[in-house]
Amino acid sequence: MKHTSNTLPLLLSLSQYWQVANALDNGIGLKPHMGWSSWNVAQCDAASAKYAIDTANKFISLGLKDLGYEYINIDDCWSTGSRDAGGKLVPDPKKWPNGIKAVADQIHNMGLKLGLYGDAGQKTCAGYPGSEGHEASDIDQLVSWGVDFWKYDNCYTPCNQNPRPQTCNSPGGSTKTWYAPMRDSILRVQNTRKIHFNLCNWGRDKVWEWGAQYGHSWRMSVDNWGDWASVERIGSAAAGIAQYSGPGGFNDLDMLYLGSSRLNTNEERLHFGLWAITKSPLVLGLDLNKIKDSTLAIIRNKGLIDINQDSLGRAATTFRPPGQPAPVAGKIYPYWAGPLSDGVVIGLCAGTAAGRYSVNFAGVPDLGQGDFQWKEMYTGQTGMGKNVSFDIALHDMRVVKVVRG
Ligand code: GLA
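Residues numbered from 1 in each chain as written. Predicted model: local features only at pLDDT ≥ 70, side-chain atom pairs only at ≥ 80, totals over all residues. Heavy atoms only, no water.

Under an unreviewed UniProt entry, the name given to the protein chain is Alpha-galactosidase, and the source organism is Chaetomium strumarium. Under Catalytic activity (unreviewed entry), UniProt gives the following word-for-word description of the protein chain: "Hydrolysis of terminal, non-reducing alpha-D-galactose residues in alpha-D-galactosides, including galactose oligosaccharides, galactomannans and galactolipids." Its UniProt record gives the protein chain the following Sequence similarities (unreviewed entry) comment, quoted word for word: "Belongs to the glycosyl hydrolase 27 family." (UniProt positions renumbered as here; feature names shortened; annotations may be inferred.)

Structure, rendered in structure tokens:
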């Protein structure tokens, strides 16, 4: 069943969100996936065994594995430029001197998972072989290597233009048809290997309306470029599609772009906090060898991770307290809330102006009258009462978990 209004009383709304229609039900993806991806680190140069193993070691030494970070995802450029004579994908021997399986085995032995990247068209976005017409045999190859996650992009896909461009703006049909053969192949092998299927069509054709029929998560926008404008563009758009996320199928707001120096610490807190409460996958896009302490503190915030991983799987969205102005398209609205299995999360975002932000709990969806206990996840402040207030610096965020007192 799909999500409906978020203004219902808590018990009623909980009972409505236990199931999400999901045609790719192979038993995984019931919570937003957490991990790391090579793309934002060094694009093609990071698609190597060295980065994969190094990151796996860092997941353990930095305590990230214990917090739930699990998938080591290698993005575009891991293969050679063409298939072999038998039509198989070939790992680039310079980047994978011992092949993929040896690395997958090592990563599995560390209690982690390995992901790879492919494309529904003739070529990947960076021009490596795509899977169109090879879906069944490519999945068999992933199974033989022990791959756990497959991001599936939409470059060089069927198009009314000839030759096909990298990005087809006139597909002449629904992009969803590009994802069906691979989804069916993943279902075919589900008793051998449970593969998380991550759709990447940049939010075309309102993918949130049908993504759960095809994959476990779906990119709902074009790329996060790592700047504040990207956080604003993607974060604000997430408010309108919250109802489509749920266990088994989540809006993917794209990889986290922390640690690049393009966002300041306030902006990194808002980026991570907003992705967490909207139930986006939390996929780190940074070099863990170079991480600053302030960024490390953000990605290790256990309270926020627990909110993101809450079993209810409901995404927070905006609500308008009495007397506050309406949301502005493309800007991050200050007031967000969403139900948790044991309470409600409230997000307060100083997306457009620093200032004092206050919320009366009685005006928050799913709360109602009464006194509530609350805890703020970035400062650790706690309290009890009918409201909360915080002075918030420009582009910073506070995330409050509220339970009935
Ligand atoms: C697309 C995707 C990115 C990344 C690149 C790789 O642009 O949206 O996330 O995977 O391709 O080429």
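More follows now that the structure is in view.
*Asks:* Tell me about the pairing of strand E14 (residues 382–385), residues and numbers included.
*Replies:* In the sheet, strand E13 (residues 372–376) pairs with E14 via four bridges, with the strands oriented antiparallel. Paired with Phe372 across the strands is Gly385, a residue of E14. Between the end of E13 and the start of E14, which pair antiparallel, lie five residues, with Gly380 showing a positive phi angle near 80°. (Pairing = 2+ DSSP bridges. Helix = DSSP H or I, 4+ residues; strand = E, 2+ residues; numbered from the N terminus.)

*Asks:* Please set out the packing of helix H3 (residues 49–61) against helix H5 (residues 99–109) residue by residue, giving values where relevant.
*Replies:* Orientation of H3 relative to H5, taken along the N-to-C sense of each, is 5°, at an axis distance of 10 Å. With respect to their mutual orientation, H3 and H5 come out roughly parallel. Listed contacts from H5 to Ala49, Ala52, Ile53 and Ala56 of H3 are Val103, Gln106 and Ile107. Taken together, the residues that form the contact of H3 with H5 break down as six nonpolar, one polar and no charged. (Axes fitted to C-alpha atoms, helices over the stretch in contact; angles between N-to-C directions. Parallel < 35°, antiparallel > 145°, perpendicular 65-115°, else oblique. Contact = heavy atoms within 4.5 Å. Nonpolar A, V, L, I, M, F, W, Y, C, P; charged D, E, K, R; others polar.)

*Asks:* An account of the state of the cysteines is requested, with residue identities and associated values reported.
*Replies:* Per the counting criterion, the structure on display carries three disulfides. Residue pairing for Cys125: its cysteine sulfur links by disulfide to Cys155, the two sulfurs lying 2.1 Å apart. Taking the torsion about the sulfur-sulfur bond, which here is approximately 90°, the covalent link between Cys125 and Cys155 counts as right-handed. Of this pair, Cys125 sits in the loop between strand E3 (113–119) and helix H6 (135–145) while Cys155 sits in the loop between strand E4 (149–153) and helix H7 (180–188), and the two are 30 residues apart along the sequence. Both residues of the pair, Cys125 and Cys155, count as buried. Linked covalently through their sulfurs, Cys159 and Cys168 form a disulfide whose S-S length is 2.1 Å. Between Cys159 and Cys168 the sulfur-sulfur dihedral comes to about 80°; the bridge is accordingly right-handed. (Disulfide = S-S within 2.5 Å. Buried < 20%, exposed > 50% of the residue type's maximum accessible area, 1.4 Å probe, protein only.)

*Asks:* Account for H3, with residues named and values stated.
*Replies:* Every α-helix carries 3.6 residues per turn, so stepping three or four residues along brings you back to the same face. Here H3 spans 18 Å end to end across 13 residues, near enough to the 18 Å set by a 1.5 Å rise per residue. Turning to H3, its buried residues are Ala49, Ala52, Ile53, Thr55, Ala56 and Phe59. The arc that holds every buried residue of H3, seen down its axis, measures 160°, which confines them to one face. Facing away from the buried surface of H3 by more than 90 degrees, the exposed residues are Lys50 and Ser61. Of the surrounding secondary structure, the elements contacted by the buried residues of H3 are strand E1 (34–37), helix H4 (64–67), strand E2 (71–73), H5 and strand E8 (282–284). Gly63, located one to two residues past H3, shows a positive phi value of around 80°. (Expected span 1.5 Å × (residues − 1). Arc of directions from axis to C-beta.)

*Asks:* Tell me what's going on with the site of the ligand, and back it up with residues and numbers.
*Replies:* Close contacts around the ligand come from 13 residues, with Asp75, Asp76, Lys151, Trp202 and Asp223 the closest. Note that an oxygen atom of the ligand is positioned 2.8 Å from one of the side-chain N or O atoms of Lys151. Asp153 is positioned with one of its side-chain polar atoms (N or O) 3.0 Å from an oxygen atom of the ligand. Notes on the ligand: free accessible area 310 Å², of which the protein chains cover 92%. (Near = heavy atom within 4 Å. Polar contact = N/O pair within 3.5 Å; in protein donor to acceptor, adjacent residues only side chain to side chain. Areas by Shrake-Rupley, 256 points an atom, 1.4 Å probe, with all protein chains shown as cover.)

*Asks:* Quick one: what's the story with empty space enclosed by the protein, residue by residue and with numbers?
*Replies:* Per the counting criterion, the structure on display carries three cavities of 30 Å³ or more. Quantified by volume, the largest cavity comes out at close to 120 Å³. For the largest cavity, the lining is made up of 16 residues, of which Asn73, Phe149, Lys151, Asn198 and Met255 are closest to its centre. Elements with a contribution of two residues or more to the lining of the largest cavity: E3 and E4. Per-class residue counts for the lining of the largest cavity are seven nonpolar, four polar and five charged. Approximately 70 Å³ is the volume attributed to the second largest cavity. Around the second largest cavity, the lining is made up of 14 residues, and of these Trp78, Ser79, Tyr117, Thr124 and Pro129 lie nearest the centre. Sorting elements by how many residues they give to the lining of the second largest cavity places E3 first, with three residues. Among the residues forming the lining of the second largest cavity, the class breakdown is seven nonpolar, five polar and two charged. (1 Å grid on protein atoms, 1.4 Å probe; cavity = no way out; pocket = protein on both sides within 12 Å on 5 of 7 lines; lining within 4 Å. Points joined across faces, edges and corners; volume = space filled by probe spheres on them.)

*Asks:* Talk me through the sheet that holds strand E9 (residues 317–318); I want residue IDs and the actual numbers.
*Replies:* Spatially, E9-E10-E11-E16-E13-E14 is the arrangement adopted by the six strands of the open sheet, whose pairing is antiparallel. Lying at the two open borders of the sheet, with one neighbouring strand each, are E9 and E14. Against the sheet, helix H10 (residues 265–277) touches strand E10 (335–340), strand E11 (343–349) and strand E16 (397–404), its axis set at about 35° to E16.

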